[in-house]
Amino acid sequence: MSEPPVSNAEPLLSKTTDAGLPAWMAYWPALVVGLAALALSSILLLARQAQDAAHAQNQLHQDLSAIRTRLEAVAQATFSPTLGLEAMIQLDGGISSARFEALAGRVVKLLPQVRSIVAAPDDIARYVYPLAGNQAVLNLDYRKIPVQYQQVQQAKRLGRPLLVGPVQLVQGGQGIIQRTPVFLPETQHLLAGANASPAPTLPANEAKPGYWGVISVVADLARFIETVGLAEHKGLRLALHQVQGEPQGRGELIWGDADLIQDAASVTQYVQMPGAVWALTAAPSLPTGPAASAHRYTAEIAASLLSSTALALLAALLVYRRRLLQAQNLALSKEVQQRAQSQNELQAAQTRFRSLAEISADWVWEQDEHLRFSFISRLADEHGEHDPQRLLGRYRWDSPNLSPDIDWDSHRALLARHEAFRDFEYSHLDDAGQFRFVSISGTPVFDAQGVFKGYRGTGRDISAARRAEAALRKSEQDLTLARDHLQAVLDAALEFSIIATDLQGRIGLFNRGAEQMLGYAEAEMLGHTPALIHLQSEVEARAAELSLSLGRTVEGFEAFVLQARECGIETRVWTYVRKDGSHLEVSLTVSCMQDSAGQAIGFLGIARDISAQRRAERDLVNLNASLETRVEQRTAELSRTLDTLKQAQMELLRAEKMAALGSLVAGIAHELNTPLGNCLTTASTLHDLTQQTRRNFEGGQMRRSVLDAYLNDADTACSILLRSMSTANELVSHFKQVSVDQTTAQRRLFSLVSVVDDVLSLLRPRLRKAGIALEVNAALSRELDSFPGPLGQVLTNLIMNAMLHAFDGESVEPLLTIRVEDLAGSPDGGESSEFLLIVEDNGAGMSSEVKRRAFDPFFTTKMGQGGTGLGLNIVYNIVTGILGGQIALNSEAQKGSRFTIRLPFVAPQLGGGADKLS
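Residues numbered from 1 in each chain as written. Predicted model: local features only at pLDDT ≥ 70, side-chain atom pairs only at ≥ 80, totals over all residues. Heavy atoms only, no water.

## Quick look at the packing of helix α16 (residues 536-550) against helix α17 (residues 558-567)
The condition that has to hold: Every axis corresponds to a line fitted to the C-alpha atoms, with the helix fit spanning only the stretch in contact, and the corresponding angles, defined between N-to-C directions, vary from 0 to 180 degrees. Strands here mean DSSP runs of E at least two residues long; helices mean DSSP runs of H or I at least four residues long; both are numbered from the N terminus. Working definition: roughly parallel below 35 degrees, roughly antiparallel above 145 degrees, roughly perpendicular at 65 to 115 degrees, and oblique for all remaining angles. Residue contacts follow a heavy-atom distance rule, with two residues in contact if any of their heavy atoms lie within 4.5 Å. Here the nonpolar group is Ala, Val, Leu, Ile, Met, Phe, Trp, Tyr, Cys and Pro; Asp, Glu, Lys and Arg are the charged ones; every other residue, Gly included, is treated as polar.
Packing of α16 against α17 brings their axes to within 9 Å, and their N-to-C directions diverge by 45 degrees. The orientation of α16 with respect to α17, classified from their angle, is oblique. For the pair α16 and α17, the contacting residues are Val539, Arg542, Ala543, Leu546 and Leu550 in the first and Ala559, Phe560, Leu562 and Gln563 in the second. Taken together, the residues that form the contact of α16 with α17 break down as seven nonpolar, one polar and one charged.

Structure, rendered in structure tokens:
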């Protein structure tokens, strides 16, 4: 029997090794290589990500630097007007509306992002441009608006511009506001007035400025961002924040993405704004997280996994490459950091240079080896040229607008010697036709081999300084002239002693009048007190009197000036002690002298010798004592005489009124004579015809023709009677109204036209008889609540006065004009309360002496010829009394007279509650 065969596969299918380990452990080299390749691929991927991140970070820094530079340039241009306004105000001590509007209008036109410019002297908005749409800002007091006044106070406390934003604007939208405090030098601070606030503390060797006010520039935030171009960067997310505190921290969001500060990939740079520091933050708009990186490198990960076996063979080489890449990445990272640091330092240097260039009055220029301009930092400041091509490549002395009195030959000789120069001055005409003065300094430039390459230097506009020097010289000349005039005036006042002291009583002025009055020379009195020339007993008595009234001790120099210091001036009688010991009584006026700010700076005493006057007063007292008896004896006699004169005056006034009324009666009687005579003649004729007709009727002889003739005659007679009686009735009615109104001051509502018609109806016959033409325009917009009788008497007296005095027969065409004029209404649109009544003639007029005494009682130029001298006096008393008005007289010889009466529509109430004047 045979054995079964043995199988070969069994050892191969064994699941264990000889060492008893699992079979898959035999493949550990491949596993190690695979894991190593995977680890190496992961390390290389991380290195690539770090390199790309560093490159992206560097690019982000460069983009952000460019944006920041643009932002600073636009901000400087937007808020630069405050520099010009501030310099103009500091130079002139203020600014006019015309100059403000000219500068502000030019700025608003050139910079559309600027909404408005406001200048607020003493923190009150006096100047606003443009005014349209900003009327509410004009005369706005910042001190009454806490938020804005806090900003003004902060800028004033810092002593430099303050930029705030964002601010919700009244006109709509958001804006940013720069508030710039303006401080004046000491001299202009005094000229600006005492209301200017004190400026920040300065070093002792600098002039102390005074606070003038604040200049505010309001910019539209949206247009500002549009001008900067922040919204144009589509690949970046941007944000602007305020910077608060030290160290700098981000505060309120100004513009942009508020969530940007939470992004770990964001980069921040600080922007030096004119008046604030802003934080500019940026981050890429595309995602940069782990998910984006994994998606970006998916192919590389797949390739590394597929080639893990091949990478195992190259493990040593890849390790070397990895180390090499790490070294390169480290070097690159250091280079990026160094570049970032250099960029920051460069930006800081550029910021400092720009700040210095902006606040400096100098510009930089360069010339080549042929002395032609090759560079000018501010082209507009050299010769006023605005086109660079017209200036670069030219010589400095080529401009046709240069002043001809400059020694250019010496300057060119100096340049030919390649010597440095300082403060070479020349002038030229600017576009406005005014001379502009320039000062330049330069130094030659040589290369490394010592070859001359040109000049480099600075220029400065010194026009303001030259004009200021000219103004100062003129001011000094004016001051010297004024001082000489003042000294001449003081020396000419020989009858007065003029002494000026400081606040402590030391004499600083002693004029020649004081020298003659007191016997002291000016040199002897300067520095002393006025007590040297006063009686000590009088000074002590005055001090005791003031101490008693004030309840405190007053002594020494204060006794002279206390009242003047409190009230401004005091005049008293003092006794001066002359150098020879004699006494002199003077009237001394002491006044307190103040500077332009209202602060007391000293006292001025002006004394007049009244010794003779005082002696005369004492003699007069003695004489009065002796005359008292005679005065008492004459008093009773004078009282009786005065009573008699008053009674006579009343009689004359009554007679004048009656004379005026009598004149009216005579006139009306003359006028009534004609219609009444016509009535009498017509009535007698009608009576005779009626008797004849009756006889014919009774005798049976009545015919139709006779009756018809009688009826026609009777109709004609009745018409004549009616017309004549109507005329008489109208005359009597007018006379009755005038007579009643002129004898009683009855207050009532009436039309001015009716009063004028009533008066003229009675006076027209006399005017026609005298050949005087009459023009009347007495229409008023409303009725009067007044006294028609006195008003009619005023018109009557003025017309009668003109008839008696104005027309002496020499006038070719005598004319009398009566007209009224409505006065303008009240400012609030109400009706006027007064009107003008004007009575004017073209007669002989009055001399200045007659016009001066025209309203005096009993003054007349026709004494004994019908004039009593009371007509115009009565007119004056009635107008200024019962009618409550005013009267003015304008007259010249041979040019007529005009009486202008200003009357109220409503007359004032009479005293005693009764509106009657008997």
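## Observations concerning empty space enclosed by the protein
Empty space left among the atoms is revealed by rolling a probe the size of a water molecule over them. For the record, the criterion: Here a cavity means grid points, on a 1 Å grid over the protein atoms only, where a 1.4 Å probe fits yet cannot get out; a pocket means an open set of points with protein on both sides within 12 Å along at least five of seven lines; lining residues are those with an atom within 4 Å of a point. Grid points are joined across faces, edges and corners, and a volume is the space filled by probe spheres set on the points.
Here the structure, examined in full by the defined rule, presents three cavities of 30 Å³ or more. Approximately 140 Å³ is the volume attributed to the largest cavity. Lining the largest cavity are 13 residues, and of these Thr501, Pro530, Leu588, Val590 and Gly605 lie nearest its centre. Elements with a contribution of two residues or more to the lining of the largest cavity: β16 (496-501), α17, β19 (583-594) and β20 (600-609). Considering every element that reaches the lining of the largest cavity, the biggest residue donor is β20, with three residues. A class-by-class count of the residues in the lining of the largest cavity yields ten nonpolar, three polar and no charged.

## As for the pairing of strand β1 (residues 114-121)
Regular strands place side chains that alternate from one sheet face to the opposite one. Note the following rule: Three labels apply to residues, based on accessible area from a 1.4 Å probe with only protein chains included: buried if under 20% of the type maximum, exposed if over 50%, partly exposed otherwise in between. DSSP bridges decide pairing: two strands pair if at least two such bridges lie between them.
Of all eight residues making up β1, seven are buried, and the element is well covered by its neighbours. Bridge analysis of β1 against strand β6 (residues 210-220) gives seven bridges, and the strand direction is antiparallel. In the sheet register, Ala120 faces β6, and the bridge partner there is Val214. Sheet analysis places β1 next to strand β2 (residues 127-129), joined by three bridges and oriented antiparallel. When the sheet's bridge partners are listed, Ile117 is paired in β2 with Tyr129.

## Considering the environment of Glu515
In this fold, Glu515 is placed in helix α14 (residues 512-518). Measuring from C-alpha to C-alpha, the distance between Glu515 and Met525 comes to 9.5 Å, with ten residues separating the pair along the chain. Dropping the residues within four chain positions of it, Glu515 is found in contact with Phe510, Tyr520, Ala521 and Glu522.

## Overview of the nonpolar core
What counts, and what does not: For the purposes of this section, nonpolar cores are sets of buried Ala, Val, Leu, Ile, Met, Phe, Trp, Tyr and Cys residues that join through side-chain atoms within 4.5 Å.
Counting 46 residues, the largest nonpolar core has Val794, Leu798, Ile799, Leu837, Leu883, Phe899 and Ile901 as the members making the most contacts within it. Of all the secondary-structure elements, those providing two or more residues to this core are α20 (752-770), α21 (788-806), β24 (815-822), β25 (834-841), α23 (871-880), β26 (886-891) and β27 (897-904). When residues of this core are assigned to their parent elements, the largest contribution, eight residues, is made by α21. Not counting residues within four places of it along the chain, the set of residues in contact with Ile901 comprises Val794, Leu798, Phe835, Leu836, Leu837, Val879, Gln886 and Ile887. Core analysis: the second largest hydrophobic core is formed by 45 residues, Ala75, Leu111, Leu236 and Val271 among them.

## Here we look at the sheet that holds β19
In spatial order, the strands read β17-β16-β20-β19-β18; together these five strands make up an open sheet with antiparallel pairing. Because the sheet does not close on itself, it has two edges, and the strands there are β17 (507-510) and β18 (569-577). Each adjacent strand pair in this sheet contributes to an overall mean axis angle of 25 degrees, direction not counted. Looking at chain direction, β16 and β20 are connected through six bridges and run antiparallel. Bridge pairing in β20 places Thr501 opposite Phe603.

## Things to note about the pattern of salt bridges
For clarity, the cut-off: Basic side-chain nitrogens of Lys or Arg form a salt bridge, by our definition, when they fall within 4 Å of a carboxyl oxygen of Asp or Glu.
Taken as a whole, this structure holds 29 salt bridges when the rule is applied. A salt bridge links Glu840 to Arg819; the shortest N-O distance between them is 3.1 Å. Of this pair, Glu840 sits in strand β25 while Arg819 sits in strand β24, and the two are 21 residues apart along the sequence. For Arg819, a relative accessible area of 26% gives the class partly exposed. Members of the salt-bridge network, linked through shared partners, are Glu585, Arg614, Glu617 and Arg618.

## Points about the packing of aromatic side chains
Heads up, the rule is: Two rings from Phe, Tyr or Trp (for Trp, the six-membered ring) form a pair when their centres sit within 6.5 Å of each other. Planes less than 30 degrees apart are called stacked, planes more than 60 degrees apart edge-to-face, and all others tilted. In this scheme, the term charge over a ring applies when either NZ of a lysine or CZ of an arginine sits within 6 Å of the ring centre and within 35 degrees of the ring normal.
Counted by the stated rule, this structure contains 18 aromatic pairs. Seen from their ring centres, Phe421 and Tyr455 are 6.0 Å apart, and the 45 degrees between their planes marks the pair as tilted. Here Tyr455 lies in strand β15 (residues 452-461) and Phe421 lies in strand β13 (residues 421-429), a separation of 34 residues in the sequence. The positively charged end of Arg179 is found above the aromatic ring belonging to Tyr142, 5.2 Å away from the centroid. The ring centre of Phe905 lies 3.9 Å from the NZ or CZ of Arg782, which sits over that ring.

## Quick word on the environment of Asn797
Of note, Asn797 is situated in helix α21. When its relative accessible area of 9% is taken as the criterion, Asn797 is described as buried. As for Asn797 and Leu872, which are separated by 75 residues in sequence, their C-alpha atoms are 7.0 Å apart.

Geometric descriptors of this kind do not, in isolation, establish any biological role.
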